Amino acid sequence: MEQVLELGLGGSPMSSNIRMLVMFLISVGTAVASYFMPSSLGMVLFMTGFGFVLSLNLKETVINCLASNKFKNVSAGCRTQFGWRELIFYLAVLTFALLEASLLHSFLGSQAFSKTSLQAIMSYVLIVLLLATWILGEIQTVYLFGMFRNPFYPKDVMTVNVFVKKRKRLKKIGVFRRILLTVVSPFAMIAFLSLDNSLHHLPSIYISIGFSRGFRMVWQDTECALLDMVVVSTVQLLVFNTDLWWNRSIDTGIRLLLVGIIRNRLFQFVSKLQFALTVLLTSWTEKKQRRKSTGTLITLNIVFFPALLALILLSAFLSSPLLPLFSLPIFLIGFPRPIRSWPGPVGVTACICPDTIYYQQMVPSLTTALQSALSVGSLGLCSPGSHYLCRFQDRLVWILVLERGFTYCCLNIKGLELQETSCHTAEAHRVDEIFEMAFEHEECSQTLSLNHHCGNILTPCDVLPVKLYSDARNVLSGIIDSPENRRQLKDDFLKIILWLLVQYCYKKSKTHRTLEIKPRLKQDLPPVKPPEALSKAMESPNSWKDDDGFSVESTDEWTDDSNLFDVEPSKKAPKVREMASRGSTPRPFFSVPGSVEIHTTEAELPEATNVNKLYKAVVLGLPAVDTGKQQGVMDLPPIKFSNSYSELLSIPEEWRTLPLPLAKLHEMKQWFPEDWYHFGLRQLDFFHLKENPSGLLEDLIKDTALKDSYAQCVLSCYAAVFGLEDILPSPTHIFRAYNGGLPWSVCLDWLIGKQELFQLALKGFRYTVKLLVDKASLGPVENFKELLNCLEEYENDWYIGVVSEEKWQQAVLQEKPYLFSLGHDPNMGVYTGRVLTFQEFLVQVGKLNSEAVRGQWANLSWELLYATNDDEERYSIQAHPILLRNLTIQAADPPLGYPVYSCEPLHVPLL
């Protein structure tokens, strides 16, 4: 069906089976209906109009509208794909096409073809248009004919701004080419077809099929249609006065049909022949591919070269992939397959992993860049079945063209797995070598320098400016383990958590724009919290877990093989995350390695499955706890503010309990940064209040009750993170606390019971770690103003967290300018800082030999039967590589888990 639609009816391969079936039926109906037209003029207008309409992307919008039940959503989608600008342009083009075809056919179409006829003149015009569009397209690429470096291509491709500025001249040429290809060429070809006198003959099925296909190809695949018409017109000019069957027996429509089939199969033959020669060469030149039998196989291929050539011809005739058996130079004919290569729906075959999110963010910007590159022709001849490879840092993007029409192109974009294994790294290194030679090597500055990788299956085409994240990792040795830095870390945490609390309360005050302030009387004071409310803080801390799935307070994560002093304990299966509040005693946070634990039966509560029965009666190592009362947490007397406006910035009532002894609190109050507190209050404004006294900020600063409430909350969070003892935190403690693994304490229980405050404390600690890294690399913070600017930058432009968190993925999709995470490399025993920077970068793009990709798809089923004990052969064979001369790329489908992102078909407009 795909071959008949493409070759016989002038259509394009479709991105799905449903679209293929619908388009096939409509195309057949159009050809049949044209046969029954009562007049030749009506037939010409019908074929011209339907050929244009069927080549548009309107069918995608119509199918979506018919298949959806939500009319409003569909209307929004239709407006996105088919707006007023496109509608006006398409109506104008259709009107002029119908007018041109009708006038030329009615008044000049009966003339016989001669060297002086108008149709012959249009033949010369088509030849000029073909040469012009082809030359202007070649100028856009980095290599002319794939062999010599383009002297017009910018030599500096390291800086985005410089490259874009130098590329403007080529873009102007590309815009001129796009006008020739989109507007001028179709009207010239319609004129050539409308002037053909065979349209005035009696209607026949051959004329209906041939000319309906010709009028369709004008819009569906303009470049190939232009080539076909030039070939037909050239032959007609050379042999027009001879009595050959070409002139005597067939009309122009059938000639275009035969030339189109020959052109399609010839291109496939050249691609298959290049692939076969590449496999033969790499089987000897590549050490990984060379075997004991390689010489014999090459000799046999040379001796039986006529048979090999016939095999390639037969494969091209059947449009079947050429299969190199087990990646050896033994060639077979694979079974025919569609352009999409895989049988299932597009976009559902990716193996989702943490790398997926970066490709998901990258695709919209990459699609915009591809839209510009395809429209100006810098990626070469873009036809259904073309494959492209994009490269940036450790990312590989695989692009397949699914269908092509008038001013649109349907793409499938796959993000390949980031290099985690040695074979992936080796393959990516070869890709980098080819791109560096084309874009960054010193030889690229020479005029018409030779492409050293000429003949490869990967041909560099262009670099595209794309907005995405660059990934940088730094080793924090000497920073996170410095005693001075760790001492400063504790002081900075007090300032940062205080600033976050003030900002939190200030933002809440903005919601009370019409707040009426009045003195608080005794009866207005908040009631004392009952003991039952305080008992919630004794719930198990398992209700909070970090996204990495480890925490030191979990007893199940310590195994017999675990080291008590490891940075990360051994992980087990996920457990129930919350304890039931039925009066059960929380299990201890540390289990002694080597001790015997008695587990409960399955009939008991699921949340107590792994709790020692002895722990239910007595919690070893912890003080006894009375039912309904939390140990060490006390209610404070009601706060009496000296300023009525202090209530705007007051700490929430549920945070006003104290998990610290009063003596310890008075001792720790000397650590409270009072100067920073005053500085932070002076940065606030209360313009949102109806009544804003001039001395409001000074009154707030003088309110000691407000200051004491902040001091109690800040010091409680400090004690939960660092403990009550004045000791330096170890690097392991910093790493665990950054990921949420805090050691147990009464203060931690109190903090976990207030999740909103806990998230602020965790956020403050992560900001503190980031500040520690910045101060070590950029220099110390001189004053409060610099510190405030730094924190505001963290709040507005940064996301500081853990890679595995859902908020990290949301920040990537929201395109946060910067992201930071703290990591640990267990192999090297060092801590690392990872920074993602969002900005515009240059992504390198190359075109792949389509036959190599199709051949490897056919090779998958054969290679699963093959096994070897040789590591080198296992690397090259079981990895399912595409073999290139001096290049090996892995291109396996989801059974091997290589593509980690695959989007649904993207219909990219090329206007």
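### Focus: the overall build of the protein chain
(1) Moving on: For the protein chain, the helix and strand inventory stands at 31 helices and 15 strands.
(2) Moving on: Scored against the burial criterion, the 911 residues of the protein chain give a buried share of 53%.
(3) Moving on: Look at the contacts in the protein chain between residues 6 or more apart in sequence, and 74% of them connect residues 24 or more apart.
(4) Moving on: When the accessible area of the protein chain is evaluated, it comes to approximately 42,400 Å², of which 61% is carbon and sulfur surface.

### Things to note about the packing of helix α24 (residues 704-722) against helix α27 (residues 755-778)
(1) Moving on: For the pair α24 and α27, interaxial distance at closest approach is 11 Å and the crossing angle is 65 degrees. It follows that α24 is roughly perpendicular to α27 by the angle criterion. For α24 against α27, the interelement crossing comes out right-handed. Contacts between α24 and α27 involve Cys713, Cys717, Val721 and Phe722 from the first element and Leu757, Ala761 and Phe765 from the second.
(2) Moving on: For the contact of α24 with α27, the per-class residue count stands at 7 nonpolar, no polar and no charged.

### A short note on the packing of aromatic side chains
(1) Moving on: Here the structure, examined in full by the defined rule, presents 34 aromatic pairs.
(2) Moving on: Ring centres 6.3 Å apart and planes at 55 degrees place the aromatic pair tyrosine 90 and phenylalanine 406 in the tilted group. Of this pair, tyrosine 90 sits in helix α6 (residues 84-107) while phenylalanine 406 sits in the loop between β6 (395-405) and β7 (408-416), and the two are 316 residues apart along the sequence.
(3) Moving on: Overall, the relative accessible area of 2% leaves phenylalanine 406 in the buried class.
(4) Moving on: For the ring pair phenylalanine 392 and phenylalanine 841, a centre distance of 5.1 Å and an interplane angle of 40 degrees mean the geometry is tilted. Remark: phenylalanine 841 occurs in strand β11 (residues 830-848) and phenylalanine 392 occurs in strand β5 (residues 387-392); sequence separation between them is 449 residues. This pair shows no difference in class: phenylalanine 392 is buried, exactly as phenylalanine 841 is.
(5) Moving on: Taken together through their ring pairs, the aromatic side chains of Phe52, Phe89, Tyr90, Phe187, Trp219 and Phe406 make up a single cluster.
(6) Moving on: Positioned above the aromatic ring of tryptophan 284 is the side chain of arginine 290, whose terminal nitrogen or guanidinium carbon lies 5.0 Å from the ring centre.

### Points about the pattern of salt bridges
(1) Moving on: Counted according to the given criterion, the structure contains 21 salt bridges.
(2) Moving on: Overlapping salt bridges bring together Asp471, Arg473 and Arg834 as one network.

### Some thoughts on the nonpolar core
(1) Moving on: Formed by 83 residues in total, the largest nonpolar core has its most connected members in Leu649, Tyr710 and Phe765.
(2) Moving on: Of all hydrophobic cores here, the second largest spans 46 residues; its members include Met47, Val93, Ile190 and Phe192.

### Some points on the state of the cysteines
(1) Moving on: Tallied over the entire structure, the rule returns 0 disulfides.
(2) Moving on: As a non-bridged cysteine, cysteine 390 has cysteine 461 as the owner of its nearest cysteine sulfur, 9.7 Å distant.
(3) Moving on: A relative accessible area of 0% places cysteine 390 in the buried class.

### Thoughts on the packing of helix α9 (residues 168-194) against helix α10 (residues 205-220)
(1) Moving on: Viewed as axis vectors pointing N to C, α9 and α10 meet at an angle of 165 degrees, and their least axial separation amounts to 9 Å. Relative to α10, the element α9 is oriented roughly antiparallel. At the point where α9 passes α10, the crossing takes the right-handed sense. Between α9 and α10, the contacting residues are Pro186, Met189, Ile190, Leu193 and Ser194 on the first element and Phe211, Gly214, Phe215, Val218 and Trp219 on the second.
(2) Moving on: Here the contact of α9 with α10 is composed, by residue class, of 8 nonpolar, 2 polar and no charged.

### Focus on unusual backbone geometry
(1) Moving on: A positive phi angle, near 60 degrees, is found at phenylalanine 145, a position not held by glycine.
(2) Moving on: By the secondary structure assignment, phenylalanine 145 is in the loop between β1 (143-144) and β2 (148-149).
(3) Moving on: The phi torsion at glutamine 393 lies on the positive side, around 50 degrees, for a residue other than glycine.
(4) Moving on: Within the secondary structure layout, glutamine 393 lies in the loop between β5 and β6.

Thresholds, definitions, all that
- Sequence positions are assigned chain by chain, starting from 1 and proceeding in written order.
- Owing to the predicted nature of the model, reporting of local features is limited to residues with pLDDT of at least 70; listing and counting of side-chain atom pairs is limited to 80 or more, with chain, interface and lining totals taken over all residues.
- Each side-chain value is derived from all of the structure's non-hydrogen atoms; neither hydrogens nor water enter the calculation.
- Counting from the N terminus, the helices are the DSSP runs of H or I reaching at least four residues and the strands are the DSSP runs of E reaching at least two.
- The buried label applies to any residue whose accessible area, calculated with a 1.4 Å probe on protein chains only, is under 20% of its type's maximum; exposed applies above 50%, and partly exposed to all values in between.
- In this analysis, two residues are considered to be in contact whenever any of their non-hydrogen atoms come within 4.5 Å of each other.
- Surface accessibility in these figures is a Shrake-Rupley result with a 1.4 Å probe; residues are shielded only by whichever protein chains are displayed.
- Fitted lines through C-alpha atoms serve as axes, helices being fitted only where they are in contact, and the angles separating the N-to-C directions of these axes extend from 0 to 180 degrees.
- What sets the label is the angle itself: under 35 degrees gives roughly parallel, over 145 gives roughly antiparallel, 65 to 115 gives roughly perpendicular, and the rest give oblique.
- What makes a crossing left-handed is the near helix being turned counterclockwise from the far one by less than a right angle; a clockwise turn instead makes it right-handed.
- Lys, Arg, Asp and Glu make up the charged group, whereas Ala, Val, Leu, Ile, Met, Phe, Trp, Tyr, Cys and Pro make up the nonpolar group; the residues left over, Gly among them, are polar.
- Side-chain rings of Phe, Tyr and Trp (the six-membered ring for Trp) are treated as a pair once their centres are within 6.5 Å; stacked means planes under 30 degrees apart, edge-to-face means over 60, and tilted covers the remaining angles.
- Ring-over charges, as used throughout, are those where CZ of Arg or NZ of Lys falls within 6 Å of the ring centre and within 35 degrees of the ring normal.
- One side-chain nitrogen of Lys or Arg within 4 Å of one carboxyl oxygen of Asp or Glu is enough to make a salt bridge.
- Residues enter a nonpolar core if they are buried and are Ala, Val, Leu, Ile, Met, Phe, Trp, Tyr or Cys, with the set joined through side-chain atoms within 4.5 Å.
- Here, two cysteine sulfur atoms that lie within 2.5 Å of each other are counted as a disulfide.

Interpretation in functional terms is not warranted from these geometric data alone.
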